[in-house]
Structure formats: structure tokens, C-alpha cells
Amino acid sequence: MTEPRTRATTVVAVRRDGRTAMAGDGQVTMGDTVVKDSAQKVRVLKEGKILAGFAGAVADAFTLFEKLDEKIERFPANLTKACVELAKDWRTDRFLRRLDALLVVADRNEIFLISGDGNVISPDDDVVAIGSGGSFALAAARALLLHSDLDAGQVAREALSIAGEICIYTNQKITVLELDA
């Protein structure tokens, strides 16, 4: 018997006019059942200087957040280096490479998508999204950035709201975290 697949996330990160925002929905779905609607998928790290969000297995994401914290402590002035070092460890470490998650990490200047296959991607257009509804949130955020005057937090919230109207694995219980310029 196969266990039902857990679908747990939509996270979007946006930078605009010197502000960075990250938003995550709250829904966790197993098979065809919503088992939680208020999960916290985004968090503040390093005394409010870095935002991080995850898609995938929760225990795996928490393990990766701990490793990210270690890398940030080791490279406190270089988020890029911390993310690259995390991706290297994630790809090569026998235990870590089994983890099933994606991370989005952002500070005031940069946004990164980090995966276990060694990718550390910085988007060209200051927006990235992951998870079940990630492509919907990404499209909505890009459109809002091009055709509205909404600030970063408003774009992130609206993009997730739009994704939640389309993706059955995304809900409207949205958490938005922001970093000021």
C-alpha cells in the first residue's frame, strides 16, 4: 500500500523598491484530504535580517533551516556564500541528500531558490515561487509587478491569493513577512 502524497505549500518571495516580502499559504494536504490549514511555511532568521520559506516535507525543511542557520553564522555578511555552501552540503552529504524540500531564502538585496540537486538560483526579476501553487503565484506576482503599484508585501499576498483560487493545494490563510529597506 502506498502512502498518500503530502502536498503542503505555496511560497512566493518578492523584492520591490528596496523592500523584500515572502508569503506562504497554510494548507497541508494528504491525498485528497486537507489535514491542516494553518501551517507556518515562512519564517524570519538572523534577528529579522533574512526570510526563509520551504516547500516539501516539514521535518526535512526544519533540518535544512538548521543547516542554513549554521551557514549564515559561518558567513554572516555573505548570504550568497551561505546558500551555496548549504546547497553543496545538501547535494553531497549522505543524510542531507535524502531530504525532500525546496527553500526560498531572501534578504534585502537578494532572493535565492535552493534545491537538493545543488541549484542556487537568483531570479532575474526579483520574484520566485515554489510549491504546489508556485507557478500560479509566480505568474500572478510577475503580472502584479508589471501592472500595479502595489508594494512587495501586497504583491506577495495578492499573488498567493490568486494561486489559492486556482491551485487546490493552496489556501487563503496567508502569512506575509517583510524586510524594510
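Quick notes on the rules
- Residues numbered from 1 in each chain as written.
- Predicted model: local features only at pLDDT ≥ 70, side-chain atom pairs only at ≥ 80, totals over all residues.
- Heavy atoms only, no water.
- Core = buried A, V, L, I, M, F, W, Y, C linked by side-chain atoms within 4.5 Å.
- Buried < 20%, exposed > 50% of the residue type's maximum accessible area, 1.4 Å probe, protein only.
- Helix = DSSP H or I, 4+ residues; strand = E, 2+ residues; numbered from the N terminus.
- Contact = heavy atoms within 4.5 Å.
- Expected span 1.5 Å × (residues − 1).
- Polar contact = N/O pair within 3.5 Å; in protein donor to acceptor, adjacent residues only side chain to side chain.
- pLDDT = per-residue confidence, 0-100.
- Patch = residues over 30% accessible without salt bridge, like charges linked within 9 Å, V, L, I, M, F, W, Y side chains within 5 Å.
- Areas by Shrake-Rupley, 256 points an atom, 1.4 Å probe, with all protein chains shown as cover.
- Salt bridge = Lys/Arg side-chain N within 4 Å of Asp/Glu carboxyl O.
- Axes fitted to C-alpha atoms, helices over the stretch in contact; angles between N-to-C directions.
- Parallel < 35°, antiparallel > 145°, perpendicular 65-115°, else oblique.
- Left-handed = near helix turned anticlockwise from the far one by under 90°.
- Nonpolar A, V, L, I, M, F, W, Y, C, P; charged D, E, K, R; others polar.
- Pairing = 2+ DSSP bridges.

**Remarks on the nonpolar core**
Reasoning step 1: Leu103, Val105 and Ile114 are the most contacted members of the largest nonpolar core, which totals 23 residues.
Reasoning step 2: Of all the secondary-structure elements, those providing two or more residues to this core are β7 (50-56), α1 (58-74), α2 (79-92), β8 (101-106) and β9 (111-115).
Reasoning step 3: The dominant element in this core, judged by the number of residues it contributes, is α2, at six residues.
Reasoning step 4: If we ignore the near neighbours within four places in the chain, the residues touching leucine 103 are Gly53, Phe54, Leu64, Phe65, Leu86, Trp90, Phe112, Leu113, Ile114 and Ile130.

**Focus on helix α4 (residues 152-166)**
The periodicity of an α-helix, 3.6 residues per turn, causes residues three or four positions apart to be oriented the same way.
Reasoning step 1: Taking 1.5 Å per residue, 15 residues should reach 21 Å; α4 reaches 21 Å between its end C-alpha atoms and fits that length.
Reasoning step 2: Turning to α4, its buried residues number three or more, namely Ala152, Gly153, Val155, Ala156, Ala159, Leu160, Ser161, Ala163 and Gly164.
Reasoning step 3: Summarising the contacts, the buried residues of α4 are in contact with β2 (10-16), β3 (19-24), α3 (134-147) and β12 (175-179).
Reasoning step 4: The residue sitting at the N-terminus of α4 and contributing the capping side-chain oxygen is aspartate 151; that oxygen lies 3.1 Å from the backbone nitrogen of glycine 153.

**Quick look at the confidence of the model for the chain**
Reasoning step 1: Confidence along the chain averages 91 in pLDDT terms, with 95% of residues attaining 70 or more.
Reasoning step 2: Averaged over each element, pLDDT in the chain is lowest for strand β1 (residues 6-7) (55) and highest for α3 (98).

**Details of a nonpolar patch on the surface**
Reasoning step 1: A contiguous nonpolar patch, built from Phe136, Ile162 and Ile166 and spanning about 230 Å² of accessible area, is present on the exposed surface.
Reasoning step 2: Here isoleucine 166 is to be found in helix α4.

**Details of the packing of α1 against α2**
Reasoning step 1: Closest axis-to-axis distance for the α1/α2 pair is 9 Å, and the angle between their directions is 135°. The orientation of α1 relative to α2 falls into the category oblique. Remark: the crossing between α1 and α2 carries right-handed chirality. Residues Leu64, Lys67, Leu68, Lys71 and Ile72 of α1 touch α2, and the partners they reach there are Leu79, Ala82, Glu85, Leu86, Asp89 and Trp90.
Reasoning step 2: Residue composition of the contact of α1 with α2, by class: seven nonpolar, no polar and four charged.

**Let's talk about the pattern of salt bridges**
Reasoning step 1: For the structure on display, the rule yields nine salt bridges.
Reasoning step 2: Residue lysine 41 pairs with aspartate 25 through a salt bridge whose shortest N-O separation is 2.9 Å. Residue lysine 41 is found in the loop between β5 (33-36) and β6 (42-45), and its partner aspartate 25 is found in the loop between β3 and β4 (28-30); the two are separated by 16 residues along the sequence. Of the two residues, lysine 41 and aspartate 25, both sit in the buried class.
Reasoning step 3: Lysine 88 is the salt-bridge partner of glutamate 85, the closest N and O atoms lying 3.0 Å from each other. Here glutamate 85 pairs with lysine 88, and both are found in helix α2, just three residues apart, close to one helical turn.
Reasoning step 4: When salt bridges that share partners are traced, they join Lys81, Glu85 and Lys88 into one network.

**Focus: the sheet that holds β2**
Reasoning step 1: With respect to topology, four strands assemble into an open sheet ordered β11-β2-β3-β12, the strand pairing being antiparallel. Among the strands making up the open sheet, the edge pair consists of β11 (127-131) and β12. Taken pair by pair, the neighbouring strands of this sheet meet at an average axis angle of 10°, ignoring direction.
Reasoning step 2: The sheet contact formed by β2 and β3 spans six bridges and is antiparallel. Residue pairing across strands places arginine 15 opposite threonine 20, the latter belonging to β3.
Reasoning step 3: Relative to the sheet, α3 contacts β2 and β11, its axis offset from that of β11 by approximately 160°.

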